[in-house]
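Now for the letters of each chain:
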Amino acid sequence: MLRSPRIASLVSPNNAAILRARALRQLPSARERAIQYASQVSRGPHTLRKRPQVAGALRNSNWRHLSHTPILLSPGKQVLKIRSRTLNFVYRAAAWLGISVTVASAGIISFFLYDASTYREDLSHRDIQISDLALNPKLGGPKNLPIAEVLMDDEDDADMERQQNKPRLVILGGGWGSVALIKELRVEDYHITLISPTNYFLFTPMLPSATVGTLELRSLAEPIRRIVSDIKGHFIKARAEGVEFSEKLVEVSQVGADGKRTHFYLPYDKLVIGVGSTTNPYGVKGLDNCNFLKDLDDARKIKHKILNNLEAASLPTTSEEERKRLLSFVVCGGGPTGVEFAAELFDLLNEDLTQYFPRLIRNEVSVHLIQSRGHILNTYDEAVSKYAEDRFSRDQVQVLTNSRVKEVRPDKILFTQQDENGETITKELPMGFCLWSTGVSQTDFSKNVAQTLGDNQKNKRALETDSHLRLIGAPLGDVYAIGDCSTVQNNVAENLVSFLNNLAYEKGKDPKTMHIEFDEWIKAWTPHSAPIPTSLGTSEAPR
Ligand SMILES: Cc1cc2nc3c(=O)[nH]c(=O)nc-3n(C[C@H](O)[C@H](O)[C@H](O)COP(=O)(O)OP(=O)(O)OC[C@H]3O[C@@H](n4cnc5c(N)ncnc54)[C@H](O)[C@@H]3O)c2cc1C
């Protein structure tokens, strides 16, 4: 109180002493009054806190002194002992603990009550309805194989049951073409079964990045079962072997639990072939010494091979010649996949790995790209091709154009080039790693289908379709081919002949002797001239 400079200047030292004495005289009575009141209305400091007048009175008095001193209202009788700070803390902690335990218990009890009131027993686990035909398919077809007319999950839920009697759409392949079709189709109109030997959809554009570790391999794959179950479809992990067009059966095979390959038929009303393509060997010898880049497994193998070569090259026992060979990376094929991979590989070797491997390795790494044509990316715009060539030349990626690989040996590549006199000379390139990405050709299944359709399928690279993507030569127009395995035939004359062949088949006549009137011609042609979905995303969904 006397610390205020204004008051201090007004009072003399004597006055100050008098004031202090008065204040001290008044203090016990104020304290006693406060304690008396407190003893009537409360039992501890917590309660006092809620009553401001009491708290204020105690604050004005010497609270610290009070908390340690037993207070006597009448001589010899202790009425209130205010707790020490430690006790106070323990008291509060116990109170909070009690509250927390009560709230948590209430929560747990509520949860169990809710759970008990909402629980529904799923009887489907106990009593699964399944047709006998799904487990014991009857035999039939030209090869007398089991025919999977009913599938195991046909009656799994009400939606599946509803689709059971819809037209059977069988899709072969789980790649870009098939998944795009599923996404755009009116799925409720069909009983859909997808067949593929791989049970994931692969995001191929990022595959080259995954080989060098820029991306995790698993981030490129989406389980096909998830995609198919979203549309209440069915998935069978198997390989299509052939089609019995006359009986509308697809022959599929899969390796059973005993390791043996078993074959069976799957009936269809409509069949879509989207089996993609395979690497084109171009009749070159020794491709088993190469790596390929088509799926996740290929990417994994490439990654291991690159790292193994670098480790082997870093050994003190590796000769200089062997080190150079191990560090010679060759890409055969100057198309988009080859070029993209060469660029990713260059980045990996020059930017990422050099910090972990001896500097000598960096100096001896070489990347080569062999291209049979005059330029890389020759199917793209000239500017794109030139940009890629300039970039590779700056980065010291050797591009060998007009070069044809003759043979791939375990330690070198033999290729031919034309010299300035136009003569073919054979050259050798030592290699420790070779990627073969020279283009695509038909899968065995596509070849089989083409063979079954005989003269109707003349293209050796892909299955030919009409402009509605219907497989040419397949009777009844209920088989389609999409994606890499197919090509739209643009030969008008051949289209016309194929149309007349189909017409004759429908009428049960011999196409060579069939006569057709103009009116008949118009009538037969009209359904084929309906607008077609040229772009799935922008047109009506196909039926
Ligand atoms: C490394 C790489 C990068 C690429 N980058 C690009 C790009 O950036 N842009 C681009 O437009 N294209 C790119 N492509 C090409 C693109 O991936 C293909 O054009 C596309 O995958 C073709 O789709 P698809 O459905 O016809 O065949 P795919 O996607 O190859 O799918 C074929 C499916 O059929 C299945 N299958 C195979 N045989 C059978 C059988 N007998 N029975 C049943 N199923 C079978 C396969 O398992 C697979 O699921 C790239 C390709 C590769 C390899």
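For the structure itself, consult the block above.
Every value quoted in this text rests on a predicted model; they were computed, and no experiment measured them.

Asks: What exactly am I supposed to notice about the packing of aromatic side chains here?
Replies: Two descriptors summarise a pair of aromatic rings, namely the distance from one centre to the other and the angle between the planes of the rings. Applying the stated criterion across every chain yields a total of five aromatic pairs. Residues F329 and F433 carry aromatic rings whose centres are separated by 5.9 Å and whose planes lie at 50° to one another, so their mutual orientation is tilted. Placement of F329 in strand β15 (residues 328-332) and of F433 in strand β21 (residues 433-436) is noted, with a sequence separation of 104 residues between them. Comparing F329 with F433, the two get one shared label, buried. Three or more aromatic residues link up through ring pairs in this structure, and these residues are W176, F201 and F203.

Asks: What exactly am I supposed to notice about the pattern of salt bridges here?
Replies: Two side chains that carry opposite charge are able to pair once their charged atoms sit near each other. For the structure shown, the criterion picks out 17 salt bridges. Of the charged contacts in the structure, one is a salt bridge between D478 and K248, with a shortest N-O distance of 2.6 Å. Of the two residues, D478 is situated in the loop between β23 (463-465) and β24 (479-481) and K248 in the loop between β10 (239-244) and β11 (249-255); the sequence distance between them amounts to 230 residues. In this structure D478 comes out as buried when scored by relative accessible area, which is 6%. With a closest N to O distance of 3.0 Å, R325 and E322 form a salt bridge. Within this pair, R325 and its partner E322 are both found in helix α13 (residues 320-326), separated by three residues, close to a single helical turn. Here E322 falls in the partly exposed class, since its relative accessible area comes to 30%.

Asks: Would you explain the site of the ligand in this entry?
Replies: Around the ligand there are 23 residues in total, and G177, T198, T204, A240 and D484 lie nearest to it. Measuring from an oxygen atom of the ligand, one finds a side-chain N or O atom of T198 at 2.9 Å. In this structure, V275 approaches the ligand through a main-chain N or O atom, which is 3.4 Å from an oxygen atom. Burial of the ligand by the protein amounts to 72% of the accessible area it has alone, namely 980 Å². When contributions to the shell around the ligand are tallied by element, the ones reaching two or more residues are α9 (176-184), β6 (191-196), α10 (207-211) and β10. Looking at side-chain class alone, the shell around the ligand contains ten nonpolar, eleven polar and two charged residues.

Asks: How should I be thinking about the pairing of strand β18 (residues 403-408) in this particular structure?
Replies: The two faces of a sheet get side chains in turn, since along a regular strand they alternate between them. Where β18 meets strand β19 (residues 412-418), five bridges bridge the pair, whose relative direction is antiparallel. Paired with R404 across the two strands is T416, which belongs to β19.

Asks: Explain the side chain of D478 here, please?
Replies: Polar side-chain contacts of D478 include one of 2.6 Å to the side chain of K248. If we ignore the near neighbours within four places in the chain, the residues touching D478 are K248, Y268, D269, K270 and L271.

Asks: Which parts of the structure should I look at to understand unusual backbone geometry?
Replies: Note on backbone geometry: most residues besides glycine have negative phi, and most peptide bonds are trans. The phi dihedral of K232 falls on the positive side, at around 55°, and the residue is not glycine. Summarising the element assignment, K232 is placed in the loop between α11 (224-230) and β9 (234-237). One non-glycine residue, Y282, adopts positive backbone phi at about 50°. Along the chain, Y282 falls in the loop between β14 (278-279) and α12 (296-313). For Y282, a relative accessible area of 46% translates into the label partly exposed.

Asks: Would you mind going over the sheet that holds strand β12 (residues 261-267) with me for this structure?
Replies: Adjacent strands of a sheet form backbone hydrogen bonds with each other and so pair up, either parallel or antiparallel. Spatially, the three strands line up as an open sheet ordered β10-β11-β12, and their pairing is antiparallel. The sheet terminates laterally at β10 and β12, the two strands that pair on one side only. On average, each strand axis in the sheet is tilted by 25° relative to the strand beside it, whichever way the strands run. As paired strands, β11 and β12 are joined by seven bridges and run antiparallel to one another. Residue pairing across strands places S253 opposite H263, the latter belonging to β12.

Asks: Would you take a moment to explain the environment of E423 for this structure?
Replies: Structurally, E423 is set in the loop between β19 and β20 (424-430). Setting aside residues no more than four positions away along its own chain, E423 makes contact with Q417 and Q418.

Asks: Can you help me understand helix α16 (residues 382-394) in this one?
Replies: Residues lying three or four places apart along an α-helix face the same way, a consequence of the helix completing one turn every 3.6 residues. With 13 residues, α16 should reach 18 Å at 1.5 Å per residue; the first-to-last C-alpha distance of 18 Å fits that figure. Every buried residue of α16 is accounted for by S385, A388, E389 and F392. For α16, the buried positions fall inside an angular range of 95° around the axis, keeping them on one side. Residues of α16 that are exposed and point over 90 degrees away from its buried face: A383, Y387 and R394.

Asks: Quick question: what am I supposed to make of the environment of S209 here?
Replies: By secondary structure assignment, the location of S209 is in helix α10. For S209, a relative accessible area of 7% translates into the label buried. In this structure, the C-alpha to C-alpha distance between S209 and F341, residues 132 residues apart in sequence, is 7.5 Å. Beyond its immediate stretch of four places on either side in the chain, S209 contacts T214, L215 and E344.

Asks: How should I be thinking about the nonpolar core in this particular structure?
Replies: The nonpolar side chains of a soluble globular protein tend to be buried, and buried together. Judged by nonpolar contacts, the single largest core of 37 residues is most densely connected at I306, L310, F341 and L349. Broken down by secondary-structure element, the contributors of at least two residues to this core are α10, α12, β15, α14 (336-352), β16 (366-370), α16 and β21. Ranked by the residues each element gives to this core, the list is headed by α14, at seven residues. Both domains that furnish three or more residues to this core are identified here as domain 3 (146-277 + 442-543) and domain 4 (287-440). Discounting residues that sit within four places of it in the chain, L310 has contacts with L327, L349, L353, F357 and I361. Judged by nonpolar contacts, the second largest core, of 27 residues, contains L172, L463, L471 and A481.

Rules and cut-offs
Residues numbered from 1 in each chain as written. Predicted model: local features only at pLDDT ≥ 70, side-chain atom pairs only at ≥ 80, totals over all residues. Heavy atoms only, no water. Phe/Tyr/Trp six-rings, centres within 6.5 Å; stacked < 30°, edge-to-face > 60°. Helix = DSSP H or I, 4+ residues; strand = E, 2+ residues; numbered from the N terminus. Buried < 20%, exposed > 50% of the residue type's maximum accessible area, 1.4 Å probe, protein only. Salt bridge = Lys/Arg side-chain N within 4 Å of Asp/Glu carboxyl O. Near = heavy atom within 4 Å. Polar contact = N/O pair within 3.5 Å; in protein donor to acceptor, adjacent residues only side chain to side chain. Areas by Shrake-Rupley, 256 points an atom, 1.4 Å probe, with all protein chains shown as cover. Nonpolar A, V, L, I, M, F, W, Y, C, P; charged D, E, K, R; others polar. Pairing = 2+ DSSP bridges. Contact = heavy atoms within 4.5 Å. Axes fitted to C-alpha atoms, helices over the stretch in contact; angles between N-to-C directions. Expected span 1.5 Å × (residues − 1). Arc of directions from axis to C-beta. Core = buried A, V, L, I, M, F, W, Y, C linked by side-chain atoms within 4.5 Å. Domains from an automatic or database assignment.

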